[in-house]
Amino acid sequence: MSEQQSLRVDGQRLWDSIMALAEIGPGQHGGSCRLALTDEDREGRDLFVRWCKDINCSIEIDDMGNIFARREGRDNSLAPVVAGSHLDTQPHGGKFDGIYGVLAALEVLRTLSDNDITTEAPLEAVVWTNEEGSRFAPAMIASGVYAGLFEKEYAWSRADSEGKTIGDELKRIGYMGDVSCSQHAIGALLEAHIEQGPILEAQQNQVGVVIGGQGQKWFDLRLRGQDSHAGSTPMPGRRDALVAAAEIISMVRTLALDFAPHAVATVGEMSVQPNSRNTIPGEVFLTIDIRNPDEAELSRMASVLRACVIDCVDKNGVECDLDEIWDKPPVKFHADCIAAVENATRDLGYSHQQIVSGAGHDACQVCLVAPTSMIFVPCAGGLSHNEAESAEPADLEAGCNVLLHAMLNLADRRPA
Ligand code: GLV
Ligand code: MN
Ligand code: MN
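Here the residue index of a chain counts from 1 through its sequence in written order. Whichever chain is written first is A, and whichever ligand is written first is 1; the rest continue in order. Only residues with pLDDT of at least 70 get local features here, since the model is predicted, and only at 80 or more are side-chain atom pairs given and counted; chain-wide, interface and lining totals rely on the full set of residues. Water and hydrogen atoms were dropped before computing side-chain values, which therefore reflect all heavy atoms in the structure.

A simple rule labels every residue: compare its accessible area, found with a 1.4 Å probe on the protein chains alone, to the largest value its type can have, and call it buried under 20%, exposed over 50%, or partly exposed in between. A run of H or I in DSSP becomes a helix once it reaches four residues, and a run of E becomes a strand once it reaches two; helices and strands are each numbered from the N terminus. When you tally the buried positions in strand β7 (residues 215-224), you get 7 out of 10 residues, the bulk of the element. Strand pairing is assigned whenever DSSP detects at least two bridges linking the two strands. Taken together, the 10 bridges between β7 and strand β12 (residues 283-292) define a ladder with antiparallel strand orientation. Among the inter-strand pairings, Arg-222 is bridged to a residue of β12, identified as Phe-285. Note: β7 against strand β13 (residues 319-328), 9 bridges, orientation antiparallel. The residue bridging Phe-219 from the neighbouring strand is Glu-324, located in β13.

Looking now at the coordination of the manganese ion (ligand 3). Looking at the manganese ion (ligand 3), the protein donor atoms are Asp-97 (OD), Glu-132 (OE), Glu-132 (OE) and His-385 (NE2), and they sit 2.1 to 2.4 Å from it. Coordinating donors are taken to be N, O and S atoms lying within 2.8 Å of the metal, or within 3.2 Å when the metal is Na, K or Ca; because water is excluded from the atom set, some sites may appear incomplete. Written as a sequence motif, the donor residues of the manganese ion (ligand 3) are D-x34-E-x252-H. In this structure, the manganese ion (ligand 3) lies 3.7 Å from the manganese ion (ligand 2), and both are coordinated by Asp-97. One end of the pair, Glu-132, is in the loop between β4 (123-128) and α4 (141-146); the other, His-385, is in the loop between β16 (372-377) and α12 (393-412), with 253 residues separating them in the sequence. Overall, the relative accessible area of 42% leaves His-385 in the partly exposed class.

What follows covers the pattern of salt bridges. Each salt bridge in this description consists of a side-chain nitrogen of Lys or Arg and a carboxyl oxygen of Asp or Glu lying within 4 Å of one another. On inspection of all chains with the given rule, the structure shows 21 salt bridges. Glu-169 is paired through a salt bridge with Arg-172; the nearest N and O atoms lie 3.0 Å apart. You can see Glu-169 and its partner Arg-172 sitting in helix α6 (residues 166-172), 3 residues apart, about one turn around the helix. Here Lys-217 and Glu-324 are joined by a salt bridge, their closest N and O atoms 3.5 Å apart. Of this pair, Lys-217 sits in strand β7 while Glu-324 is found in strand β13, placing the two residues 107 residues apart along the sequence.

What follows deals with the environment of Gln-183. Of note, Gln-183 is situated in the loop between α6 and β5 (188-194). A relative accessible area of 58% means that Gln-183 is categorised as exposed. In this structure, the C-alpha to C-alpha distance between Gln-183 and Asp-62, residues 121 residues apart in sequence, is 8.6 Å.

Our next topic: the site of ligand 1. As a matter of local geometry, ligand 1 sits amid Glu-131, Glu-132, Arg-291, Ala-359, Gly-360 and His-385. All accessible areas in this document rest on Shrake-Rupley with a 1.4 Å probe, and a residue is counted as covered only by the protein chains that are shown. Bound to the protein, ligand 1 loses 93% of the 200 Å² it would expose on its own. Ten residue types, Ala, Val, Leu, Ile, Met, Phe, Trp, Tyr, Cys and Pro, are classed as nonpolar, four, Asp, Glu, Lys and Arg, as charged, and the remainder, Gly among them, as polar. Considering only residue class, the shell around ligand 1 consists of 1 nonpolar, 2 polar and 3 charged. The nearness test applies per residue and asks whether one of its heavy atoms lies within 4 Å of the molecule or strand.

The end-to-end C-alpha separation of α12 is 29 Å, in line with the 28 Å expected for 20 residues at 1.5 Å each. With 15 of 20 residues buried, α12 is to be regarded as a mostly interior element. The span one expects for a helix is its residue count, reduced by one, times 1.5 Å.

In plain words, nonpolar cores are sets of buried Ala, Val, Leu, Ile, Met, Phe, Trp, Tyr and Cys residues tied together by side-chain atoms within 4.5 Å. Ranked by internal contacts, the top residues of the largest apolar core, which has 99 residues, are Phe-48, Tyr-100, Leu-103, Ile-186, Phe-333 and Leu-396. At 11 residues, the largest contribution of residues to this core is made by α12. Apart from residues no more than four positions distant in its own chain, Phe-333 is found in contact with Val-210, Ile-211, Gly-212, Ile-338, Ala-363, Cys-364, Cys-367, Thr-372, Ser-373 and Met-374. Among the nonpolar cores identified, the runner-up in size contains 27 residues, and Val-272, Val-284, Leu-286 and Ala-302 belong to it. Contacts were defined at the residue level, with two residues in contact if any of their heavy atoms lie within 4.5 Å.

A word on the state of the cysteines. When the sulfur atoms of two cysteines share a covalent bond, that bond is a disulfide. When two cysteine sulfur atoms lie within 2.5 Å, the pair is treated as a disulfide. Overall, the coordinates contain 0 disulfides when judged by the stated rule. Between Cys-400, a free cysteine, and Cys-52, which holds the nearest cysteine sulfur, the sulfur-to-sulfur gap is 13 Å.

Moving on to the side chain of Ser-143. You can see Ser-143 is positioned in helix α4. Any N or O atom pair separated by 3.5 Å or less is treated as a polar contact, with the protein-specific requirement of one donor-capable and one acceptor-capable atom, and with residues adjacent in sequence counted only for side-chain atom pairs. Of the polar contacts made by the side chain of Ser-143, one reaches the backbone oxygen of Met-140; its length is 3.3 Å. When near neighbours in sequence (up to four residues on either side) are disregarded, Ser-143 contacts Trp-128, Asp-362, Gln-365 and Val-366.

Bringing a nonpolar patch on the surface into the picture now. Taken together, Leu-149, Leu-368 and Val-369 make up a surface patch of nonpolar side chains, about 260 Å² in accessible area. With respect to the helices, strands and loops of the structure, Leu-149 is situated in the loop between α4 and α5 (152-157). Accessibility expressed as a relative area gives 41% for Leu-149, which makes it partly exposed. Patch members must show over 30% relative accessible area and no salt bridge, and they are joined within 9 Å when carrying like charges or within 5 Å when they are nonpolar side chains of Val, Leu, Ile, Met, Phe, Trp or Tyr.

Here we take up the coordination of the manganese ion (ligand 2). Each protein donor to the manganese ion (ligand 2) is listed here as His-86 (NE2), Asp-97 (OD) and His-193 (NE2); together their distances run 2.0 to 2.3 Å. All donors of the manganese ion (ligand 2) belong to a single chain; written as a sequence motif, their spacing is H-x10-D-x95-H. Asp-97 sits in the buried class, given a relative accessible area of 4%. Look at His-193 and you get buried, because its relative accessible area is 1%.

In this analysis, rings of Phe, Tyr and Trp, with Trp reduced to its six-membered ring, are considered paired at centre separations within 6.5 Å, and the interplanar angle assigns stacked below 30 degrees, edge-to-face beyond 60, and tilted for intermediate values. Going through the model one piece at a time under the given rule, you end up with 5 aromatic pairs. The interplanar angle of 35 degrees and the centroid separation of 5.9 Å between the aromatic rings of Trp-15 and Phe-96 together place this pair among those described as tilted. Remark: Phe-96 occurs in the loop between β3 (81-86) and α3 (99-114) and Trp-15 occurs in helix α1 (residues 11-22); sequence separation between them is 81 residues. Exposure remark for Trp-15: the relative accessible area of 23% places this residue in the partly exposed category. Geometrically, the ring pair formed by Trp-128 and Tyr-146 is edge-to-face, given 5.6 Å between the ring centres and 65 degrees between the ring planes. Here the residue Trp-128 occupies a position in strand β4, and Tyr-146 occupies one in helix α4, the gap between them amounting to 18 residues. You can call Tyr-146 buried: its relative accessible area is 8%. In this structure an aromatic cluster arises from ring pairing among Phe-68, Trp-128 and Tyr-146.

Put into structure tokens, the structure is as follows:
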């Protein structure tokens, strides 16, 4: 075995870094709350930048706030081999979703630095802005701008529930860089991530070689009925927006079951007006997230959804605006990047399988413009977007070793 083949990351250092990041914006139940572009997000970014500077990486920040930490290669005219993910979390987020991918990339750079290894192409660790889409919809917006899926002006103008925009918040936290997003070359991108589902754990496989991601559509639905007195308004003739919403939520679940086994559908957010116990609710806003690995099936789900919403509002005497705010077709990753991950996994002797991602990831955007793949590791019970999210240190270390060797391989032999 050559010196390079026997190279391994420091699993303890990786774990300690993940735990240190989780101390920024701690949740109330052991997880993290670091919504995109908040002060906590800035603090997390600052720590990452400091760690990268400690190993002499140069830092570039683009005008979507994406951070690229670069370790020079022998031939710096080559586009870099990049790895990373996101540092923002869900409101009740775990310690690992996104963070693992960023800190696994950092651990690879640290390992090469410890061992004085210079690759042919430069290597980079990346942090993508607003992957979660929780504070600002849609998700994966900055990697989406990078991939040419969204106009930058559209992305900057997206507002949170208080009307604060991505553009203003990027400036406020000091992460509106001067490099134009998408100008930064990427030779290949790898993203390590916890699986966020139960498959690897059930199959007792330590690594998932990710071959693509399922499609998803996001809708905003506003239902308008009429506020009216809860005591004196007879049941017939009420225009109760919340009753219509309740029927739609149940219908969304049925929709996914009707498109089994791969479809999923979720209402994750709702607000009720005027939200008073003795007034019939006159207005409800809710979000709908539908996903399917098959593009035609996803379109059919959307058609059924539209028809059912119209039926339901007619029946309840309410009106609605149903807006499809995001359409993300399924993606397939690049054969050379998949092979780099699969070969590294096999050479390292980890049990593994190919897998399609159920969650959205920045890699699912960037793959439209650069060769890409992902590495999954199991998480306990498949649980994610939950503060109780957890992963075994040995699995995180295994995924990081795969990342190290896949990056080394790609840095010396670029995908076509
Ligand atoms: C991102 O976390 C998603 O919604 O899949
Ligand atoms: Mn994620
Ligand atoms: Mn997530």
